[in-house]
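Residue-level listing of the chains:
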Amino acid sequence: QVQLVESGGGLVQAGGSLRLSCTASGRTFSSYIMGWFRQAPGKEREFVSGISRGGTNTYYDDSVKGRFTISRDNAKNTGYLQMSSLKPEDTAVYYCAVGSSLRTSLWDRDYDFWGRGTQVTVSS
């Protein structure tokens, strides 16, 4: 069992930056792939970014590529999502998730444990 807690969300103006953190407790964080997903009001949850167990491989949805950076510090049991050049359409609840899949995945079915989410609101 893994418990995940996201932090770092908030209200920011368009063009601004935020860094989300995802702190894990329970089983060894480094044993899991990690992903960030988001859900905007009235929309389905969508993949944002994923990272391999060791942090070597990263993946991004096209909508955030070049603006967001995913990373992890396994020694601190923490993952991060650095978000820059934020747009109003990035407004959503952001969730981190971990999974035991061998490969990083963009499918939420491949993630076993989820945090409760943190709200990110980007004003125009």
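Conventions used here
- Along each chain, residue indices are assigned from 1 in the same order as the chain's sequence is written.
- Per-residue local features are limited, in this predicted model, to residues with pLDDT of at least 70; the limit for side-chain atom pairs, both in listing and counting, is 80 or more; totals at the level of whole chains, interfaces and linings are taken over all residues.
- Heavy atoms throughout the structure, all of them, feed into the side-chain values; hydrogens and water do not.
- Elements are defined by DSSP. Helices are runs of H or I of four residues or more, strands are runs of E of two residues or more, and each kind is numbered from the N terminus.
- Exposure is judged per residue with a 1.4 Å probe applied to protein chains only, and the accessible area is read against the type maximum: over 50% gives exposed, under 20% gives buried, and values in between give partly exposed.
- Note on contacts: a residue pair is in contact if any heavy atoms of the two residues lie within 4.5 Å.
- For this text, the term disulfide refers to a pair of cysteine sulfurs within 2.5 Å.

Engineer: Looking at this structure, I do not really get the overall build of the protein chain. What am I missing?
Structural biologist: A count of helices and strands for the protein chain gives zero helices and 11 strands. Taken along the three principal axes of its C-alpha coordinates, the protein chain extends 40 × 25 × 25 Å. Expressed as a percentage of its 124 residues, the buried residues of the protein chain come to 44%. Here the contacts in the protein chain between residues at least 6 apart in sequence split such that 59% fall between residues at least 24 apart.

Engineer: I tried to follow the state of the cysteines on my own but got confused; where do I start?
Structural biologist: A covalent bond bridging the sulfur atoms of two cysteines is what the word disulfide describes. With the rule as written, the count across this model stands at one disulfide. Paired through a disulfide, C22 and C96 show a sulfur-sulfur distance of 2.0 Å. Between C22 and C96 the disulfide shows an S-S torsion of about 60°. By sign, it is right-handed. Of this pair, C22 sits in strand 3 (residues 18-26) while C96 is found in strand 9 (residues 92-99), placing the two residues 74 residues apart along the sequence.

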